[in-house]
Amino acid sequence: MNEFVLKIMASVVDGEPEITEEFTKQAIEIGLEPMEIIDHGLIPGMDIVGKKFESGEYFLPNLIFSAKAMQASMNILEPELHARNQERKIAGKIVIGTVQGDIHEIGKSLVATMLAANGFQVCDLGVDVKPEVFVQKVRETGSNLVGLSALLTTTMSVQKDVILALQEAGLREKVKVMVGGAPVTRSWADEIGADGFAEDAIGAVAVAKSLCNE
Ligand code: HCB
């Protein structure tokens, strides 16, 4: 394995965006292919981070910094891929947001970042998003997945409203819906007819991948 690819992987695991960025620039300068950096450096690095998080060795800040490191590298690699006509294979297209009445942003953004880092095309609508805006963006982007975040017991019901709005718009058969947020449980997800539920950002990536492969 190339020395730079190994360094890039290690800097993602260590959550050091500036170092990842610098090594990525150097790797491109010496002629490494962007896909090699992604497949052998960034993705295995994020896999290690995911396992460390699941085993309790890593915590939220580790995830955030590793995702930032991956993103810093991707910011350099995306234009390089464009230039070579080697668009990265998209794992899925997701519209994500925190539902209407709720301004909690951190968890939703972390999920969005982790999905982007794992090859999803992400349309992040931000917070306090009305059901009709989710519907409109699903139409516009042709997304196959919707991610709904709710942090308040009072806004959980809006997740159901979004599912109903998708149904009314005739889009429910075309998109899978994944819900999450501190008060959200698997049984709530089942009750409102969501397709998936995730407790954290790593789980969300796994659920999103499996929903897109169904
Ligand atoms: Co806020 N707040 N808050 N808050 N807040 C909570 C959520 C309480 C639990 C605190 C408490 O009382 N113990 C509580 C909710 C009680 C309830 O309804 N059960 C609460 C309240 C009541 C309120 C206000 C109403 C307070 C007030 O004004 N009286 C108000 C709400 C305003 C509104 O939304 N309309 C309010 C405001 C705030 C801020 C603005 C001060 C701030 C948010 C800042 C921001 O996001 N920019 C805030 C914060 C930070 C919190 C706590 C402390 C942390 C939330 C957080 O960021 N967690 C929270 C207490 C807590 O949860 N421990 C408290 C970290 C993230 C990473 O976890 O669960 O959001 P997460 O996301 C996870 C996970 O759920 C999953 O993956 C994420 C990443 O691992 N996930 C998904 C999330 N979304 C997903 C979507 C998917 O599709 C899949 C997975």
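Now for a look at the structure at hand. Everything quoted here is computed from the prediction, not taken from an experiment.

Right, let's talk about the sheet that holds strand β3 (residues 145-149) for a bit. Strand order in this open sheet of five strands is β2-β1-β3-β4-β5, and the pairing throughout is parallel. Each end of this open sheet is capped by a strand with a single partner; those strands are β2 (120-124) and β5 (196-197). Note: strand β4 (residues 176-180) against β5, two bridges, orientation parallel. Counted as the bridge partner of methionine 178 is glycine 196 from β5. On the sheet, helix α5 (residues 106-117) packs against β1 (92-98), β2, β3 and β4 and is oriented at approximately 155° with respect to β2.

As a further point, take the packing of helix α2 (residues 17-29) against helix α4 (residues 60-83). Contact geometry for α2 and α4: axes closest at 8 Å, N-to-C directions at 25°. Judged by the angle between their axes, α2 and α4 are roughly parallel. For the crossing formed where α2 meets α4, the hand is right-handed. Across from Pro17, Thr20, Glu21, Thr24, Lys25 and Ile28 in α2, the residues of α4 making contact are Phe65, Lys68, Ala69, Ala72, Ser73, Ile76, Leu77 and Glu80. Tallied by class, residues from the contact of α2 with α4 come to seven nonpolar, three polar and four charged.

Time to look at the pattern of salt bridges. Counted according to the given criterion, the structure contains six salt bridges. In this structure, glutamate 57 engages lysine 52 in a salt bridge whose closest nitrogen and oxygen atoms are separated by 3.0 Å. Among the residues examined, glutamate 57 registers a relative accessible area of 49% and is labelled partly exposed.

Time to look at the coordination of the cobalt atom of the ligand. Inspection of the coordination sphere of the cobalt atom of the ligand shows a single protein donor, His104 (NE2), at 2.2 Å. Structurally, the position occupied by histidine 104 is in the loop between β1 and α5.

One pass over the structure, following the stated rule, counts zero disulfides. With no disulfide of its own, cysteine 123 lies 15 Å from the sulfur of cysteine 212, the closest cysteine sulfur.

Here the focus is the site of the ligand. Neighbouring residues of the ligand: 25 residues in total, closest Ile103, His104, Glu105, Ser149 and Thr153. Between an oxygen atom of the ligand and a main-chain N or O atom of threonine 153, the distance comes to 2.9 Å. At a separation of 3.0 Å, an oxygen atom of the ligand approaches a polar backbone atom of methionine 178. Only α5, β3 and β4 provide two or more residues apiece to the shell around the ligand. Looking at the shell around the ligand element by element, the count peaks at four residues for α5. Per-class residue counts for the shell around the ligand are 13 nonpolar, eight polar and four charged.

In this structure, isoleucine 103 sits in the loop between β1 and α5. Along the backbone, isoleucine 103 and phenylalanine 120 are 17 residues apart, and their C-alpha atoms lie at a distance of 24 Å. Beyond its immediate chain neighbours, meaning those up to four positions away, isoleucine 103 contacts Val127 and Asp128.

Turning our eyes to something else, we now look at the side chain of threonine 155. Residue position: threonine 155 is located in the loop between β3 and α7 (156-168). Accessibility expressed as a relative area gives 4% for threonine 155, which makes it buried. Residue contacts for threonine 155: discarding those within four places in its chain leaves Val99, Gln100, Gly101, Asp102 and Ala150.

Here the focus is the pairing of β2. Regular strands show a simple pattern: their side chains alternate between the two faces of the sheet. Pairing geometry for β1 and β2, over five bridges, is parallel. Note that in β2 the partner of isoleucine 94 across the bridge is valine 122. A crossover connection joins β1 to the parallel β2 through α5; in handedness this β-α-β unit is right-handed.

Conventions adopted
- Residues numbered from 1 in each chain as written.
- Predicted model: local features only at pLDDT ≥ 70, side-chain atom pairs only at ≥ 80, totals over all residues.
- Heavy atoms only, no water.
- Pairing = 2+ DSSP bridges.
- Helix = DSSP H or I, 4+ residues; strand = E, 2+ residues; numbered from the N terminus.
- Contact = heavy atoms within 4.5 Å.
- Axes fitted to C-alpha atoms, helices over the stretch in contact; angles between N-to-C directions.
- Parallel < 35°, antiparallel > 145°, perpendicular 65-115°, else oblique.
- Left-handed = near helix turned anticlockwise from the far one by under 90°.
- Nonpolar A, V, L, I, M, F, W, Y, C, P; charged D, E, K, R; others polar.
- Salt bridge = Lys/Arg side-chain N within 4 Å of Asp/Glu carboxyl O.
- Buried < 20%, exposed > 50% of the residue type's maximum accessible area, 1.4 Å probe, protein only.
- Donors = N, O, S within 2.8 Å, 3.2 Å for Na, K, Ca; no water.
- Disulfide = S-S within 2.5 Å.
- Near = heavy atom within 4 Å.
- Polar contact = N/O pair within 3.5 Å; in protein donor to acceptor, adjacent residues only side chain to side chain.
- Right-handed = clockwise from strand over helix to strand, strands pointing away.

By themselves, these are just geometric observations and shouldn't be taken as functional.
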